[in-house]
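Working through the structure, step by step
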Amino acid sequence: MKPYKNKINRIRSFALGLIFFGFIIMYGAIFFRENAILVTIFMTLGLISIIASTAVYGWIGLLSTKAVQVVCPNCGKHTKVLGRVDMCMYCKEPLTLDPSLEGQEFDQSLNRKR
């Protein structure tokens with residue numbers, strides 16, 4: 001079972017992974033220097049990946065401005081909560097804004113509406 005992470009940090013990590021993936025694809029074009037079409041395809045795919053990363057960063061930035069900022073009861077630092085349940089960005093403490101969920105075992109499925 002994977003450890004839970006804060007939603008904002010998880011999406012930011014995905015966007016960073018897209019950037020690295022794009023660069024790796026672009027560097028892959030070096031192996032096909034003789035074929036201009038393959039180089040163009042690799043460079044275009046890498047550029048699309050980096051543009052997608054920019055879009056994801058912009059989206060999570062907008063989403064982050066709308067997130068509720070709370071003080072973590074465990075570490076005392078300010079963190080942002082997306083959805084009904086989330087984790088503290090710093091100490092991985094489960095947080096909820098829904099009083100009916102307090103005391104329950106942390107699960108990502110609690111964010112889904114029934």
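Remember, predicted model here, so these are calculated numbers, not experimental data.

Rules of the game
Residues numbered from 1 in each chain as written. Predicted model: local features only at pLDDT ≥ 70, side-chain atom pairs only at ≥ 80, totals over all residues. Heavy atoms only, no water. Helix = DSSP H or I, 4+ residues; strand = E, 2+ residues; numbered from the N terminus. Buried < 20%, exposed > 50% of the residue type's maximum accessible area, 1.4 Å probe, protein only. Areas by Shrake-Rupley, 256 points an atom, 1.4 Å probe, with all protein chains shown as cover. UniProt positions renumbered as here; feature names shortened; annotations may be inferred. Pairing = 2+ DSSP bridges. Phe/Tyr/Trp six-rings, centres within 6.5 Å; stacked < 30°, edge-to-face > 60°. Lys NZ or Arg CZ within 6 Å of the ring centre and 35° of its normal. Core = buried A, V, L, I, M, F, W, Y, C linked by side-chain atoms within 4.5 Å. Contact = heavy atoms within 4.5 Å. Axes fitted to C-alpha atoms, helices over the stretch in contact; angles between N-to-C directions. Parallel < 35°, antiparallel > 145°, perpendicular 65-115°, else oblique. Left-handed = near helix turned anticlockwise from the far one by under 90°. Nonpolar A, V, L, I, M, F, W, Y, C, P; charged D, E, K, R; others polar. Expected span 1.5 Å × (residues − 1).

Looking only at helices and strands, the chain features two helices and four strands. For the chain, the succession of helices and strands along the chain, N to C, is α-α-β-β-β-β. Per-residue burial over the chain gives 28% buried out of 114 residues. Accessible surface, the chain as shown: approximately 7,900 Å² in total, 66% of it carbon and sulfur.

This part takes up the UniProt feature "transmembrane region" (unreviewed entry) in the chain. Per the UniProt entry, the sites bearing "transmembrane region" (unreviewed entry) are residues 12-30 and 36-60 in this numbering. Between the C-alpha atoms that bound residues 12-30 there is a distance of 29 Å. The span itself is 89% helix and 0% strand.

As a further point, take the pairing of strand β2 (residues 78-81). Of the two faces of β2, the one lined by Thr79 and Val81 is fully buried and the one lined by His78 and Lys80 carries no buried residue. Inspection of the sheet shows strand β1 (residues 68-71) paired to β2 by four bridges, in the antiparallel sense. Paired with Val70 across the bridge in β2 is Thr79. Hairpin remark: β1 followed by β2, antiparallel, with six residues in the connecting loop; positive phi at Gly76, about 80°.

As a further point, take the packing of aromatic side chains. Centre-to-centre distance and the angle between the planes together describe a pair of aromatic rings. Counted by the stated rule, this structure contains one aromatic pair. The positively charged end of Lys77 is found above the aromatic ring belonging to Tyr90, 4.9 Å away from the centroid.

So, about the nonpolar core. By size, the foremost hydrophobic cluster in this structure holds nine residues: Ile8, Ile11, Ala15, Leu18, Val56, Ile60, Ala67, Leu82 and Met89. At the level of secondary structure, the elements contributing two or more residues to this core comprise α1 (7-28) and α2 (36-66). In contact with Met89, other than residues within four places in its own chain, are Asn6, Ile8, Asn9, Thr79 and Lys80. In terms of nonpolar packing, the next biggest core, distinct from the first, is built from five residues, Val70, Cys72, Cys88 and Leu95 among them.

A few words on the environment of Asn74. Tracing the sequence through the fold places Asn74 in the loop between β1 and β2. Distance from Asn74 to Cys88, taken between C-alpha atoms, is 8.9 Å for residues 14 residues apart in sequence. Setting aside residues up to four positions removed in sequence, Asn74 forms contacts with Cys91 and Glu93.

Running from amino to carboxyl end, α1 crosses α2 at an angle of 165°, the nearest separation of the two axes being 7 Å. Judged by the angle between their axes, α1 and α2 are roughly antiparallel. By crossing handedness, the relation of α1 to α2 is classed as left-handed. Grouping the amino acids of the contact of α1 with α2 by side-chain chemistry returns 21 nonpolar, six polar and one charged.

A few words on α1. When the terminal C-alpha atoms of α1 are compared, their 31 Å separation across 22 residues agrees well with the 32 Å that a helix rising 1.5 Å per residue should span. Summarising the contacts, the buried residues of α1 are in contact with α2, β2 and β3 (85-87).

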